[in-house]
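Listed below, chain by chain, are the residues.
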Amino acid sequence: MTHLVDEPELLRKARWGNRKAFAELYARHADAVHALALRLTGDPAAAEDLTHDAFVKMLRFIGSVRSDRPVRPWLKKVVANAAIDRLRHEHRHLYVDTGDEGPDSELWAGPDADPSGQVDATALLQRLSPQARTLVWLHEVEGWSHTELAKRFGRTPSWSKSLLARALTRLRETLDAPSDTGPPEQEQERQQDPIEPRTHRTVR
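Residues numbered from 1 in each chain as written. Predicted model: local features only at pLDDT ≥ 70, side-chain atom pairs only at ≥ 80, totals over all residues. Heavy atoms only, no water.

**Some words on the overall build of the protein chain**
Inclusion rule: Here a helix means four or more residues in a row that DSSP labels H or I, a strand means two or more in a row labelled E, and each is numbered from the N terminus. Relative accessibility under 20% of the residue-type maximum defines a buried residue, over 50% an exposed one, and the middle range a partly exposed one, all with a 1.4 Å probe and only protein chains included. When checking whether two residues touch, look at their non-hydrogen atoms; a contact exists if any pair is within 4.5 Å. We get accessible surface area from the Shrake-Rupley algorithm with a probe of 1.4 Å; when it comes to residues, only the shown protein chains can shield them.
A tally of helices and strands in the protein chain yields 9 helices and 0 strands. Sequence-ordered secondary structure for the protein chain, helices as α and strands as β, is α-α-α-α-α-α-α-α-α. Relative to its 204 residues, the protein chain shows a buried fraction of 33%. Of all intrachain contacts in the protein chain linking residues separated by at least 6 positions in sequence, the fraction that spans at least 24 positions is 62%. Taken as a whole, the protein chain presents about 13,000 Å² of accessible surface, with 52% of it coming from carbon and sulfur.

And the structure:
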């Protein structure tokens, strides 16, 4: 792998049609770009498509990609914008009402998206609607501002703030909720009858 300090040189070579240089850029950033696409879409096939399209766009417009800045933020911006466009196309019914609060369907994915009660970042995000999940990840992890999010979604900054606040509240409530899974059956029996005389055990 070429050292990170050589990335501007890779860009210059790629602009002149050097396939090895472009392949190096792809190898260096494809995993991170794909991970973001998968996080936003929750769909492996869609993530593959968005990753491929991001690098195709980079190849088409490589002359406008600045060599004095890291490539990865540019690629992640491209894939995030594409994921938002995909989301807006697939969920156009959410944009009929442009009120800032929005319906609860903008927030929660529903019980079908509940990943067997696992409490980790991926599982929690999957419980959110695709729209809320995208807002949470882009704002909290990728550092997008509410103004940027509102512009991309065709809404207002107050809509973005409201939806994000409600989504984070729901995630905290999920984390704080007691688990539905009780202790194992043997443990429950011991709790009901904590005294277990040794004379009852069969020694083999």
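The discussion continues.
**Quick word on the pattern of salt bridges**
To be explicit about the condition: A pair is scored as a salt bridge if a Lys or Arg side-chain nitrogen falls within 4 Å of a carboxyl oxygen belonging to Asp or Glu.
Applying the stated rule across the entire model yields 7 salt bridges. Of the charged contacts in the structure, one is a salt bridge between Arg 12 and Glu 9, with a shortest N-O distance of 2.9 Å. Of this pair, Arg 12 and Glu 9 both sit in helix 1 (residues 7–15), 3 residues apart, which is roughly one turn of that helix. A salt bridge links Lys 77 to Glu 148; its shortest N-O distance comes to 3.0 Å.

**Here's the deal with the side chain of Ser 160**
Assignment of secondary structure puts Ser 160 in helix 8 (residues 157–176). Looking at Ser 160, the relative accessible area reads 0%, which means it is buried.

**Comments concerning the packing of helix 2 (residues 19–41) against helix 3 (residues 44–60)**
Here is the rule we go by: Working convention: axes come from line fits to C-alpha atoms, limited for helices to the stretch in contact. Angles between N-to-C directions cover 0 to 180 degrees. Should an angle lie under 35 degrees it is considered roughly parallel, over 145 roughly antiparallel, and from 65 to 115 roughly perpendicular; all remaining angles are considered oblique. If you view the pair so one helix is near and one far, a crossing is left-handed when the near helix is turned anticlockwise from the far one by less than a right angle, and right-handed when it is turned clockwise.
The N-to-C vectors of helix 2 and helix 3 enclose an angle of 140 degrees; their axes lie 8 Å apart at closest approach. Taken as axis vectors, helix 2 and helix 3 run oblique relative to one another. In this structure, the crossing between helix 2 and helix 3 has a hand that is right-handed. Contacts between helix 2 and helix 3 pair Phe 22, Leu 25, Tyr 26, His 29, Ala 30, Val 33, His 34, Ala 37, Leu 38 and Thr 41 from the former with Pro 44, Ala 46, Ala 47, Glu 48, Leu 50, Thr 51, Ala 54, Phe 55, Met 58 and Leu 59 from the latter.

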